[in-house]
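# Structure at a glance
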Amino acid sequence: MSHDGARSNLFHTSRQSLTPQDASLAQALADIATIALLQQRDIGQEKLEKNQLQRALSSRVVIEQAKGILAERWTTDTDTAYNALRTYARAHQLRISDCARQVIGQTLDTDQIHH
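A few points on the structure. Just so you know, these numbers come straight off a predicted model, no measurement behind them. Each chain has its residues counted from 1, running along the sequence as written. Given that this is a predicted model, residues contribute local features only at a pLDDT of at least 70 and side-chain atom pairs are listed and counted only at 80 or more, while totals for whole chains, interfaces and linings are drawn from all residues. With hydrogens and water stripped out, all remaining heavy atoms of the structure feed into the side-chain values.

## Here's the deal with the overall build of the chain
Applied cut-off: Starting at the N terminus, helices and strands are each numbered in turn, a helix being any DSSP run of H or I of at least four residues and a strand any DSSP run of E of at least two. Burial classes follow relative accessibility: with a 1.4 Å probe on protein chains only, a residue under 20% of its type's maximum area counts as buried, one over 50% as exposed, and anything between as partly exposed. Residue contacts are counted whenever heavy atoms from the two residues lie within 4.5 Å of one another. Throughout, the Shrake-Rupley method with a 1.4 Å probe supplies accessible areas, and for residues the shown protein chains are the sole cover considered.
Along its length, the chain carries three helices and zero strands. Across the 115 residues of the chain, 19% fall into the buried class. Look at the contacts in the chain between residues 6 or more apart in sequence, and 40% of them connect residues 24 or more apart. Accessible area of the chain: about 8,900 Å², with a carbon and sulfur share of 52%.

## Some words on the nonpolar core
The criterion, for reference: Take the buried residues of types Ala, Val, Leu, Ile, Met, Phe, Trp, Tyr and Cys, join any two whose side-chain atoms come within 4.5 Å, and each joined set is a nonpolar core.
By size, the foremost hydrophobic cluster in this structure holds 17 residues, and its most contacted members are Leu70, Leu85, Ala100, Val103 and Ile113. Of all elements in the fold, only α1 (20-74), α2 (78-91) and α3 (96-104) reach the threshold of two or more residues within this core. If you tally residues by element for this core, the top one is α1, at six residues.

## Brief notes about α3
Put simply, the rule reads: In this context, the arc is that of the directions from the helix axis out to the C-beta atoms.
Within the span of α3, buried status applies to Ile96, Ser97, Cys99, Ala100 and Val103. End-on, the buried residues of α3 take up no more than an arc of 160°, which puts them together on one face. On its buried side, α3 packs onto α1 and α2. Backbone geometry just after α3 places glutamine 106 at a positive phi near 60°.

## Brief notes about α1
Because the α-helix completes a turn every 3.6 residues, residues three or four places apart line up on one side. For the record, the criterion: One less than the number of residues in a helix, times 1.5 Å, gives the span that helix is expected to have.
The end-to-end C-alpha separation of α1 is 80 Å, in line with the 81 Å expected for 55 residues at 1.5 Å each. Residues of α1 that are buried: Asp22, Ser59, Val62, Ile63, Ala66, Lys67, Leu70, Ala71 and Trp74. Buried residues along α1 sit against α2 and α3. Threonine 75 sits one or two residues past α1 and shows a positive phi near 45°.

## Digging into unusual backbone geometry
Positive phi is not limited to glycine here, since threonine 75 has a value of about 45°. Locating threonine 75 in the fold gives a position in the loop between α1 and α2. Positive phi, close to 60°, is recorded for glutamine 106, a residue that is not glycine. Among the structural elements, glutamine 106 can be located in the segment after α3.

Okay, structure coming up:
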């Protein structure tokens, strides 16, 4: 901003009042910064929710695969297989999706899972 040919600066080192034009500019800059921060927060929240949904879907797929493997191995239904997997996970303080991955990866002795 030019008042008398000199350039104005909102960041003064000395105490002085802002002109109405400077105050208006400062408010406009604050408004733009606020909008940018809100948009960035919304984008970040959207990404977080998308990642959470993707993880949930991936976990669900893994659990379904493990249920199928156990049902086939034990010649039982998938509900029985799921309940056994869930009971084992709880008893060992593990996430069911982690146990399911171990079943799929054959790193969990399925004889340890009671059915």
